[in-house]
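Descriptive structure summary
So you can see what is in the structure, the chains are spelled out below.
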Amino acid sequence: MSIKDLKSIKKEIQESLESAKKAADLNNIFKKYLGKKGKVSLILRNLSSLPKEERTLVAKEANRAKDLLTREIDDRLKEISDKEILLAERGEWLDVTLPGKKPEIGHIHPLTENLNKCIDIFEKMGFSLVYGPELEDEWHNFDALNFPPDHPAREMQDTLFIKQEKRESLSSKKRLLMRTHTSPVQVRYMLKNKPPFKIIVPGRVFRNEATDASHEVNFYQIEGLMVGKNISVANFKAVVEEFYNSFYEKEIKVRLRPSFFPFTEPSFEVDMQCTICNGKGCSVCSQTGWLEIMGAGMVHPNVLENSGIDSSKWQGFAFGMGDRIAMMRHKINDVRLFYSGDLRFLNQF
Ligand code: PHE
């Protein structure tokens, strides 16, 4: 073993120390050089076999290498284990001052919230809540509501008919369609209940229409029906005014215009004063100050008779309104937004 060998061992030690990354690497280095059979240990143990002149020199160098190695290993070990502890701690570290992760909580859809508000208001006025089927038959959706057979009024509602075998030969009570309005529930209810009564019927309706800002293929309606001994248009006007005042939480002017529905006589279109411009005229109400908000009328005697109610004793009003009331409340100019499922829209409510 010469001085030269020792020098190269020292170089080797230096290099492996530099590349050591973990505490285990350092332990291996220690074993390799200073362990029982370590390279440096062997040199030191065999010093006696060296010629005298060389012995002192080699002894000095070997001891230096040993010192260097112990010191370096100690230092590096401390450095590495500090780092390892820090890393381990970082994984479990809980900084209580950091802002928490906000859990995403869902909320009621604006249309549902509107519906709930409507139901609340009508229930306070004594109306009962009634539901009917979305898959309806032609008799309830049209015939019983006084739509003449093959009358274009049936087409007026852009009906989605259900494919059925030998459909033409089926009776209208068996011919199925997706209800085009909630009015068939008037008939369903009157067939089973004796007047007087007042009900509202919220529900989904379907129309085979091209969609645009004010038309959807499926949308929600709220039907109203009040039947009694002396129910008049005046009662109707009082009910809708009360409803709109509560719904929009301010006084809303309402006006009735003559219109046509096969199931009401007289029929009217109900306008409410535009809530955006308060009747002054704006782009939303096409400068008229009024917005068409529901269809209504006095229940046609034929509808009462078709539903088993004596039209000489009973009379009443009916109305139907769509998603427009929600659009007006939230100042939304495109009904499709409500059905888009777009969270950027929904999260604003
Ligand atoms: N069913 C009618 C529609 O969908 C609205 C309406 C209901 C009109 C009740 C009068 C009475 O357009």
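The structure reproduced in this document is the subject of the present report. (Residues numbered from 1 in each chain as written. Predicted model: local features only at pLDDT ≥ 70, side-chain atom pairs only at ≥ 80, totals over all residues. Heavy atoms only, no water.)

**So, the site of the ligand**
Near the ligand, the surroundings consist of 14 residues, among which His181, Ser183, Arg207, Gln221 and Gly320 are the closest. One of the side-chain nitrogen or oxygen atoms of His181 is found 3.0 Å away from a nitrogen atom of the ligand. Residue Ser183 places a side-chain N or O atom 3.0 Å away from a nitrogen atom belonging to the ligand. The protein chains hide 92% of the 330 Å² of surface that the ligand would expose on its own. Mapped onto the shell around the ligand, the elements with two or more residues apiece are strand 6 (218-228), strand 9 (290-299) and strand 10 (315-321). (Near = heavy atom within 4 Å. Polar contact = N/O pair within 3.5 Å; in protein donor to acceptor, adjacent residues only side chain to side chain. Areas by Shrake-Rupley, 256 points an atom, 1.4 Å probe, with all protein chains shown as cover. Helix = DSSP H or I, 4+ residues; strand = E, 2+ residues; numbered from the N terminus.)

**Considerations on the packing of aromatic side chains**
Within the structure shown, the criterion is met by 17 aromatic pairs. Centre to centre, the rings of Phe142 and Phe147 are 4.8 Å apart; their planes meet at 70°, and the pair counts as edge-to-face. Of the two residues, Phe142 and Phe147, neither departs from the other in class, the shared state being buried. Three or more aromatic residues link up through ring pairs in this structure, and these residues are Phe122, Phe127, Phe236, Phe243, Tyr244, Phe247, Tyr248, Phe268, Phe317 and Phe319. Residue placement shows Lys173 over the ring face of Trp139; its charged tip is 4.3 Å from the ring centre. A cation over a ring is seen here: Arg329 above Phe247, with NZ or CZ 5.4 Å from the ring centre. (Phe/Tyr/Trp six-rings, centres within 6.5 Å; stacked < 30°, edge-to-face > 60°. Buried < 20%, exposed > 50% of the residue type's maximum accessible area, 1.4 Å probe, protein only. Lys NZ or Arg CZ within 6 Å of the ring centre and 35° of its normal.)

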